[in-house]
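Coordinates in review
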Amino acid sequence: MGNDIQRFETGRRMSKAVVHGNTVYLCGQVGIRGQSIEEQTQEALNRVQTLLESVGSDKSRMLQVIIWLKSMEHFDAMNRIWEDWLPEGAAPARACGQSALASDELLVEFTVTAAL
Amino acid sequence: MGNDIQRFETGRRMSKAVVHGNTVYLCGQVGIRGQSIEEQTQEALNRVQTLLESVGSDKSRMLQVIIWLKSMEHFDAMNRIWEDWLPEGAAPARACGQSALASDELLVEFTVTAAL
Amino acid sequence: MGNDIQRFETGRRMSKAVVHGNTVYLCGQVGIRGQSIEEQTQEALNRVQTLLESVGSDKSRMLQVIIWLKSMEHFDAMNRIWEDWLPEGAAPARACGQSALASDELLVEFTVTAAL
């Protein structure tokens, strides 16, 4: 038991990615504290892509993405970066809500489920 | 690669539904801005059912539903519509939290994972 | 149709656990209203473990956990209990956001997806 679950970058608190069957679950990805919404979105999405590639997936294979914004005022700015970053024809199912994040200086977090 | 993922109503920003294996992920469903919590709940759930049926699933086959309410004051009103709408014996796992949504006039959003 | 989905402790509103394929989805688990963040975290996690075991899974087999905290002031206290409770080397992917919960007296909720 257990070999059917692969964990990546596992610490005491979380694994950065967990693979089960043909599905990969990423931990919530954020950008760098204190940066602009555009910069944080770009950095978080870069981290998503790096993580997905590290387990043999890709940003074109995302299934569902939960987006938390600290403030809905950032909705349009986040979406512009998101749409530029996303490969055409590969958009996942998505939901976006407002939530304070682990630090006051974090503006956006992406929680991704993808296909391997 | 890619044929194992089926996307429905795919735009630049999101797909309304994504099928992978025997699981379907829907994008967050809302009702019509400015309407009452009862009307928004009913409309959002109608959209859930329409989407599920369009991919060959059904509201009796939901696995997990994340509900975001703009205000917990609407918890009971939302639940009455939800319980009437749900087929008996087919209730999914569920979580309900408070979150501002994309528009100030949106009161409730349902993010559904279902079996095909 | 339907036999491929197993539901546990199913009421009008939700099932406490739903199994599909090799994946189990739990409904959001909370502690006891009015207790401290440490007590609520411990009780909610005990309930997660009981539910997982009741369907043939285990806290060492969690894939993704969404954590909602009423206040991020409780982030560190929740994490201490979480890390003590988690089997070493078995940390799931995780995201933690701030959300008011169904009752004002509830401080934390865990929404778990696990492998069977």
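So, here is what we can say about the structure in this document. (Residues numbered from 1 in each chain as written. Chains lettered and ligands numbered in written order. Predicted model: local features only at pLDDT ≥ 70, side-chain atom pairs only at ≥ 80, totals over all residues.)

1. With respect to the relation of the copies chain A and chain B
Our working rule: Residues below a pLDDT of 70 in either copy are left out; the C-alpha atoms of the rest, at least 70 in both, set the least-squares superposition of the copies. The contact rule is simple: place each C-beta atom from the backbone, and if two of them lie within 7 Å, those residues are in contact.
The transform that puts chain A on chain B rotates by 120° and translates by 0.0 Å along the axis, for an RMSD of 0.0 Å. The transformation just described matches what one would write down for a three-fold rotation axis. Among all C-alpha atoms of chain A, that of Ser99(A) lies closest to the rotation axis, at 3.7 Å. Interface overlap between copies is the fraction of interface residues in one copy that are interface residues in the other; for chain A against chain B it is only 5%, indicating separate surfaces.

2. Points about unusual backbone geometry
Residues and elements named next belong to chain B. What counts here: By definition, any uninterrupted DSSP run of H or I lasting at least four residues is a helix, any uninterrupted run of E lasting at least two residues is a strand, and each is numbered from the N terminus. Think of it as a crowd count around each C-beta: if 20 or more other C-beta atoms lie within 10 Å the residue is buried, if 12 or fewer it is exposed, and in between it is partly exposed, with C-beta placed from the backbone throughout.
Positive phi, normally seen in glycine, also occurs at Glu9, with a value near 50°. Along the chain, Glu9 falls in strand S1 (residues 5–10). Classification of Glu9 as exposed rests on a count of 12 C-beta atoms within 10 Å.

3. As for the relation of the copies chain A and chain C
Put simply, the second copy of the chain is the first one after a rotation about an axis and a shift along it. Rotating chain A by 120° and translating it 0.0 Å along the rotation axis places it on chain C, where the RMSD comes to 0.0 Å. Interface overlap between copies: only 4% of the residues of chain A at the interface are likewise at the interface in chain C, consistent with a contact formed by different surfaces.

4. Focus: helix H1 (residues 37–54) of chain B
Residues and elements named next belong to chain B. The criterion, for reference: To estimate how far a helix should extend, the number of its residues minus one is multiplied by 1.5 Å. Working definition: the arc comes from the directions between the helix axis and the C-beta atoms, pointing outward to the latter.
End to end, H1 covers 25 Å across 18 residues, agreeing with the expected 26 Å (1.5 Å per residue, within 8%). Buried residues of H1: Ile37, Gln40, Thr41, Ala44, Leu45, Val48, Leu51 and Leu52, and no others. Seen from one end, H1 has its buried residues packed into an arc of 125°, which puts them on one side. Residues of H1 that are exposed and point more than 90 degrees away from the buried face comprise Thr50 and Glu53. Check the buried side of H1 and you find it contacts strand S2 (15–20), strand S3 (23–26), strand S4 (29–30), helix H2 (75–85) and strand S7 (108–115). A positive backbone phi angle near 90° is found at Gly56, which sits one or two residues after H1.

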